[in-house]
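# Descriptive analysis of the structure
Okay, here's what each chain looks like letter by letter:
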Amino acid sequence: MNQKTLDRLRPFFGVVGLVAIWQAAVIGEVIDPVLLPSPATTLSALHTGLFESGRLAFDFGKTVQRAAMSIALASAIGIPIGVILGASEKFYRSVEFIIDFFRSTPASAIFPLFLLLFGVGDMTKVYIGAFGASLAIIFNVAYGVMNARKTRVLAAKVMGAPAWQRMVVVLLESLPQTFIGLRMGATLALVLMITAEMLLGSVDGLGLRIFEEQQLFNMPGMYAAIFCAGLLGYTINLTLFLLERRFVHWAGR
Amino acid sequence: MVASLAVRTIDGVPVDQGDVARHSSGNKRPHVTVRGLTKRFGDRTIYEKFDLDLPRGKFISIFGPNGCGKSTLINMIAGLIPVDEGEILFDGQTINEIRFGYVFQNYRDALFPWMSAWDNIAYPLRFMKVPKAERNARVEALVKRFDVRLNLQQYPYQMSGGQQQLVSILRALIVEPEILFLDEPFSALDYEMTLFMRDQLQRMFIETGTTTIIVSHDLDEAVYLADQVLLLSRAPTRVVDFPGVDVPRPRNALTLADAEFNRVKGHCLDIFQQQVRL
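Residues numbered from 1 in each chain as written. Chains lettered and ligands numbered in written order. Predicted model: local features only at pLDDT ≥ 70, side-chain atom pairs only at ≥ 80, totals over all residues.

## Some details on the overall build of chain B
- Assigned secondary structure in chain B consists of nine helices and eleven strands.
- Considering chain B as a whole, with its 278 residues, one finds that 37% of them fall into the buried category.
- Nonlocal contacts in chain B, meaning residues at least 24 apart in sequence, comprise 73% of its contacts between residues at least 6 apart. (Helix = DSSP H or I, 4+ residues; strand = E, 2+ residues; numbered from the N terminus. Buried ≥ 20, exposed ≤ 12 C-beta atoms within 10 Å, placed from the backbone. Contact = placed C-beta atoms within 7 Å.)

Below is the structure:
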């Protein structure tokens, strides 16, 4: 095997290693077989859940839908507010404490409040995810706008750019930081979503699936659902990463 | 438009456009007039009732001790920072009524990284209501005229520092400015690149004859490039001297050994040291 092929395969070594250790642990019965089913059994549960019974696929879809709505809502609220706050440093300084305080408050602490405000419906979970995510987005967008390089804005002004064109410069300047906010927010929204689905009397979603399978002691099903949650988180991150590389190609350069 | 004139020579020696224009028209009116300029930062007075005339079509270097307000002066003339009192006019017009170019010291922060170098150069034309096809044509003409050998489809961050600053200068020249300002444009470049860029700038000046004002902290550079060196005192700043540099263009490495060049440089250095010692 030549060096190039070897380098291309390198990222999979860890995965193969982990599955091998898992299989070895099952064969050696290091852990109670009820708690740790074999990789093959888990994979088969994943396949059944996604393509045969379709129950897991349905829950997966529900969570994807809610997470997407959460992130979209958080962006729709967080980006404009962040821009407005960032545009005036004095304004930002006067609300900085509130933002920092709520950003530091564990978002799960507001579950009961949101239950009272919005009931147990589907949208409550979307709102909770959006709440957590929007704070991260507001914070990062505001800093991105505030730290927009003065020289670039001045350069635009010197070249005769009208006010709205200078604003475009500021917004483009803040994009790298905005993407940092989006990634942080999306991760947080997903965490909150899964937790809310477990705790807030949900009737579907990955959080509920994981919780139910655990209650039923159906370990292969539980692992399959956990895997789906991981896959979703990874996909969201990867998507934002690719979007960033496409649209903010200059970030960090 | 001055920029459309070709390089003129007398007995094979290129002459800058200003001389030609001035001699032919007999017009000795200064290009820039500064009257009663006052600028304070807090309690520190940098300029007090400061007057200055800058000639048309000349390359002028501004040189002086640290903190004397070299950059402040050029920035006030270019309208980047407000004056407290006084008036700065360009042939009787304000900065907002004329076309000018400005090159920042920090090219990294002055170019737009989201645009290709080409689009960066064309950017100022957008605000002059130049249609897109003509914008491209003008960039093409400019690049051809100065024989720029750069891949302008690259983004600024894909270029070296010198290349980025060259793009900045082209962006300032695309509007065919009546006056060009440069604030320590080469101070962030390595020595080899600085030498190359000085000659690029000189070439552009010979070619266009645009009134050019450069702030420099390097005396060799200030004298090498200039027709006249504006020597400033410590703050509150006044003009100590404004000697001419009567050395033919294009200047090159041999200029550094030229008697007149060294006489002017020595004179500037004397004045500078007097000012620093005060």
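What follows continues from the structure just given.
## A few points about the overall build of chain A
- Within chain A, the regular secondary structure consists of ten helices and zero strands.
- A compact globule built from 253 residues should have a C-alpha radius of gyration of about 18 Å, whereas chain A, at 23 Å, is more than 25% larger.
- Considering only C-alpha atoms, chain A reaches an extent of 70 × 60 × 30 Å along its principal axes.
- Across the 253 residues that make up chain A, the buried fraction comes to 34%. (Rg over C-alpha atoms; globule rule 2.2 N^0.38 Å.)

## Some details on the interface of chain B and chain A
- Listed per partner, the contact involves 14 residues of chain B and twelve residues of chain A.
- When residues of the side of chain B that touches chain A are traced back to their parent elements, those giving at least two are α3 (107-110) and α4 (117-126) of chain B.
- Among the residues forming the side of chain B that touches chain A, the class breakdown is twelve nonpolar, one polar and one charged. (Nonpolar A, V, L, I, M, F, W, Y, C, P; charged D, E, K, R; others polar.)

## Looking at the pairing of strand β5 (residues 59-63) of chain B
All names here are of chain B.
- Counting buried residues along β5, five of its five residues qualify, which places the element largely inside the surrounding structure.
- Burial along β5 is two-sided: the face carrying Phe-59, Ser-61 and Phe-63 and the face carrying Ile-60 and Ile-62 are both buried.
- One ladder, built from four bridges, connects β5 with strand β9 (residues 211-215); its direction is parallel. The residue of β9 that forms the bridge with Phe-59 is Thr-212. (Pairing = 2+ DSSP bridges.)

## Focus: unusual backbone geometry
- For the peptide bond that leads from B:Ala235 to B:Pro236, omega is -5°, which places it in the cis range.
- Relative to the elements of secondary structure, B:Pro236 occurs in the loop between β10 (228-232) and β11 (239-241).
- A cis amide bond, omega -5°, links B:Arg249 with the succeeding residue B:Pro250.
- In this structure, B:Pro250 sits in the loop between β11 and α9 (259-277).
- Positive phi, normally seen in glycine, also occurs at A:Glu29, with a value near 50°.
- In this fold, A:Glu29 is placed in the loop between α1 (3-27) and α2 (39-52).

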